[in-house]
Amino acid sequence: MESASPLQLAEQGKEEYGKGNYDTAARLFAQAAQVYASVQDELNAAEMKNNQSVALLQAGKAQEALEATDGTESIFQKAGDLKRQGIAVSNRAAALEALKKVDEALAEYERAAQLLEQAGEGDMHSIVRKAAANLNLKRGRITAAQMDVYDSLRLVEKPNLTQRILKFFRRIGFIK
């Protein structure tokens, strides 16, 4: 019997994730990461570790999700891949948030937003800023939450109706 390729494992992981089978998806992504690592494909191994992290977080396993991100940021940084580096940092932030490590999570969301902005990923930057805004709002930091929301609007590539209205109100000085 032939063993599955990392591509097959990744595809199976995506299918299981789509079905809501997060534990199975995490296991498949971890297997794909191991296979990629065994052939010295660090970038794809790190990508699979990040996919594993997302699946673990959805499965309610925040500590394992955090651990899955270990080392992935530096691999993307060495490769000069700002987008995937930003995603890795945002995955770490989400795991920290789930672990109720709010200050650390906010710091990581901030770093992720900066990386994604540098990468020209406006929509992803917006998502990260909204997550930070939500966390600031939960902590009662209204001004910080507002700043995150406004910053999330700044780079969004395809604003929805609500975002366009908020941008308009901001532009005319109705909201600051």
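So, here is what we can say about the structure in this document.

Definitions and limits used
- Residues numbered from 1 in each chain as written.
- Predicted model: local features only at pLDDT ≥ 70, side-chain atom pairs only at ≥ 80, totals over all residues.
- Heavy atoms only, no water.
- Axes fitted to C-alpha atoms, helices over the stretch in contact; angles between N-to-C directions.
- Helix = DSSP H or I, 4+ residues; strand = E, 2+ residues; numbered from the N terminus.
- Parallel < 35°, antiparallel > 145°, perpendicular 65-115°, else oblique.
- Left-handed = near helix turned anticlockwise from the far one by under 90°.
- Contact = heavy atoms within 4.5 Å.
- Nonpolar A, V, L, I, M, F, W, Y, C, P; charged D, E, K, R; others polar.
- Salt bridge = Lys/Arg side-chain N within 4 Å of Asp/Glu carboxyl O.
- Buried < 20%, exposed > 50% of the residue type's maximum accessible area, 1.4 Å probe, protein only.

Take the packing of helix H5 (residues 72–79) against helix H6 (residues 82–98) next. Packed helices, taken two at a time, are described by the angle their axes make and the gap between the axes. The N-to-C vectors of H5 and H6 enclose an angle of 165 degrees; their axes lie 8 Å apart at closest approach. Taken as axis vectors, H5 and H6 run roughly antiparallel relative to one another. The handedness of the crossing between H5 and H6 is left-handed. Contact residues: Thr-72, Glu-73, Phe-76 and Gln-77 in H5; Arg-84, Gln-85, Ala-88 and Val-89 in H6. Considering only residue class, the contact of H5 with H6 consists of three nonpolar, three polar and two charged.

This part is about the pattern of salt bridges. Here the structure, examined in full by the defined rule, presents nine salt bridges. Put simply, Asp-23 and Lys-61 hold a salt bridge, and the shortest N to O gap is 2.9 Å. In this pair, Asp-23 is assigned in helix H2 (residues 22–38) and Lys-61 in the loop between helix H3 (42–58) and helix H4 (62–68), connecting sequence segments 38 residues apart. Exposure remark for Lys-61: the relative accessible area of 32% places this residue in the partly exposed category. Where Arg-111 meets Glu-108, a salt bridge forms, and the shortest distance between an N and an O atom there is 2.8 Å. Residue Arg-111 and its partner Glu-108 are both found in helix H7 (residues 102–118); the two are separated by three residues, about one turn of the helix.

As far as function goes, none of this settles anything; it's purely spatial.
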